[in-house]
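Fold and geometry: a report
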Amino acid sequence: MTTTRTTLRELARIPGGGRYALSATVEAATSGMLRPFIVIYAVLIGLSAPQAGMTLTVGMLAGLGAVPLAGWWIDRGARRAPAVAALLVRAVGSLLLALVPGIAGFAIGAVLIGVGTQIAPPTNSALVAALAGPARRAAALAAGRSLRNAGLGAGALLGTVLVASGPEVLHWLALATALGCAFGAAVIARVPLPHQDVPAPAPAAAAKEARGAGLRTVTILALAGIPYAFYADILEIALPLLLVKGLHASLAWPSGIFVANTVMVIALQLVVVVRLAKWPHRTVLFWSGLLLAASYLGFWLGGATGGGPGTVLVALVIVPYTLGEILYTGSSVPLVIESAPPHLIGRALARWQLSYGLARAVDPIIITGLLSLGAAALWLPLAAATLLGAATVRLGTRRHRLHRSRGQSKSHAVADGGSPAVDGHLTKSVHGAERTVTSARWRRTFRVSRDQALVLSRASSRNVSSARGV
């Protein structure tokens, strides 16, 4: 039986996996101490709440501009360096928050933290994929997410206890975050990488064809994944507003639901991902969309029911919502990696992060704006958009199977992420070259035979002439 403990043990046994696990745990725990209080910290140093939110949004948008550069860096063969850079940028940003307690320090620090936060997912995914290999990639990614969730939860609890002594401790929490990110970067810098996991540059023609075929699939997945990404702010924005303002429940309900979601993710994520390892990632992502859409409809029904029964219904719907979240996080990034050519994994992960990061940047405005119009204005369009994304993923599954079947009929040498058109052309060229070589051999044989016949005939003529002269 596969458990979370055994899967984490397998991650530690991967060469370099133990160091990566240590880095992820320390970085997440220290970041979790400051993350829930960063807006409060901004207010304490003189910013208003809208100004703090706008500054953080600008930082996240600036981070989106750095994502393509991170993808290009990964495609150049880098694996450790981009992950180290993401941690160091966040360390510098947190250090500015601690040492420059003013508006300028907060603004620059927020931009650096946003850059490091946005480029961290693709760089960490590329590093874990290189360490674990294709066979253990999904389980290793899930193990890393579980460690980060556990670290963030533990850090948030510790930060809550420390902040109770006074708001001035927030400076020390920012310093602790900087030290934790720096420590994580130092550990990652010493992670050994297998040499064969860095792909060699492909020929120009093949690279152009693979870029057009592989990244086109990733682009479709990225567009379909935009409504999926809204799940991340449902617990932190939508449900508190629904429960407190819409259903007039106490603050204990959204807090308890958040804790229950975190516990279920930590306990079930690895188990579910490993159990579904034999399923295609596209199928898992499709079912994730169905579960999330059904959950949004359940939240809408809970809000329409009202009162205590509606609050209980919302709390119960958190179970299928959490399962949809686990299926999404466990299948999306592995699907992006396997859908891209090996030499374009960095750009594929960057393209996915751009869609995810853009959705995360705008969904607070969309969620709050639609909820101000009514519960149905948010939950029904969100459920419909998620179903549309799931249908797009499902249609992509069928096209992917048809593409593979055609590729196998044309040539057995078609690889995942390759181009059947290119392989078919190469196969035809090889067959044509064989026919040309065969024809040339027959012509040379015919010429040799003809020359030999002429020599024999001339020799016979000389012999006959000599015989007549005798």
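Please refer to the structure higher up on the page.
The numbers attached to residues start from 1 for each chain and follow its sequence in the written order. Reporting of local features is limited, given that this is a predicted model, to residues whose pLDDT is at least 70; pairs of side-chain atoms are given and counted only at 80 or more, and all residues count toward the totals for whole chains, interfaces and linings. Side-chain numbers here rest on the full set of heavy atoms in the structure, without hydrogens or water.

1. Quick notes on the pattern of salt bridges
Formally: Salt-bridge detection follows one rule: a side-chain nitrogen of Lys or Arg within 4 Å of a carboxyl oxygen of Asp or Glu. Helix and strand definitions follow DSSP, with helices as H or I runs of at least four residues and strands as E runs of at least two, each counted in order from the N terminus.
With the rule as written, the count across this model stands at five salt bridges. For Arg360, the salt bridge is made with Asp233, and the minimal N-O distance between the two is 3.4 Å. Of this pair, Arg360 sits in helix α14 (residues 345–373) while Asp233 is found in the loop between α9 (204–224) and α10 (234–246), placing the two residues 127 residues apart along the sequence. The structure contains a network of salt bridges with shared partners spanning Glu27, Arg90 and Arg148.

2. Some remarks on the packing of helix α5 (residues 80–99) against helix α8 (residues 170–188)
The condition that has to hold: Note on geometry: axes are C-alpha line fits, over the in-contact stretch for helices, and angles between N-to-C directions span 0 to 180 degrees. For classification purposes, angles smaller than 35 degrees are called roughly parallel, those larger than 145 roughly antiparallel, those between 65 and 115 roughly perpendicular, and all remaining angles oblique. Handedness of a crossing is defined here by the sense of rotation of the near helix relative to the far one, left-handed for an anticlockwise turn of less than a right angle and right-handed for a clockwise turn. Here a residue-residue contact requires only that any non-hydrogen atoms of the pair lie within 4.5 Å.
The N-to-C vectors of α5 and α8 enclose an angle of 165°; their axes lie 8 Å apart at closest approach. As far as their axial angle goes, α8 and α5 are roughly antiparallel. As α5 runs across α8, the sense of the crossing is left-handed. Contact residues: Arg80, Ala83, Val84, Leu87, Leu88, Arg90, Ala91, Ser94, Leu95, Leu97 and Ala98 in α5; His171, Ala174, Leu175, Thr177, Ala178, Cys181, Ala182, Gly184, Ala185 and Ile188 in α8.

3. Topic: the nonpolar core
Put simply, the rule reads: The criterion is simple. A nonpolar core is a set of buried Ala, Val, Leu, Ile, Met, Phe, Trp, Tyr and Cys residues joined through side-chain atoms within 4.5 Å. Note on exposure labels: buried denotes an accessible area under 20% of the residue type's maximum, exposed denotes more than 50%, and partly exposed covers the range between, all computed with a 1.4 Å probe on protein chains only.
Counting residues in each nonpolar core, the largest one holds 68 residues, and the members touching the most others are Ile234, Leu239, Tyr296, Phe299, Tyr321 and Trp379. When neighbours within four sequence positions are excluded, Trp379 is seen to be in contact with Ile234, Ala238, Leu239, Leu242, Tyr296, Phe299, Trp300 and Leu371. Counting residues in hydrophobic clusters, the runner-up holds 16 residues, among them Ile38, Ala42, Ile45 and Ile113.

4. Some thoughts on a nonpolar patch on the surface
Rule in force here: Like charges within 9 Å and nonpolar side chains (Val, Leu, Ile, Met, Phe, Trp, Tyr) within 5 Å are joined into patches, using only residues over 30% in relative accessible area that form no salt bridge. Using a 1.4 Å probe, the Shrake-Rupley method yields the accessible areas, and only the shown protein chains count as cover for residues.
A cluster of nonpolar side chains, namely Leu61, Leu358, Val362 and Ile366, defines an oily patch on the protein surface of about 300 Å² accessible area. Considering every element that reaches the nonpolar patch, the biggest residue donor is α14, with three residues.

5. Looking at unusual backbone geometry
For His248, which is not glycine, the phi torsion reads 55° and is therefore positive. By the secondary structure assignment, His248 is in the loop between α10 and α11 (252–275). The exposure class assigned to His248 is exposed, which follows from its relative accessible area of 68%.

6. Concerning the packing of aromatic side chains
Just so we agree on the cut-off: Only the six-membered ring of Trp is used, alongside the rings of Phe and Tyr, when aromatic pairs are assigned; centres must lie within 6.5 Å, and planes under 30 degrees apart are stacked while those over 60 apart are edge-to-face, with the rest tilted.
Across all of its chains, the model carries seven aromatic pairs by this definition. Between the aromatic rings of Phe299 and Tyr321, the centroid separation amounts to 6.1 Å while the plane-to-plane angle is 55°, which identifies the pairing as tilted. Of this pair, Phe299 sits in helix α12 (residues 281–305) while Tyr321 sits in helix α13 (residues 307–339), and the two are 22 residues apart along the sequence. Each member of the pair, Phe299 as well as Tyr321, is classed as buried. Taken together, Tyr228, Tyr231, Tyr328 and Trp352 form an aromatic cluster joined through their ring pairs.

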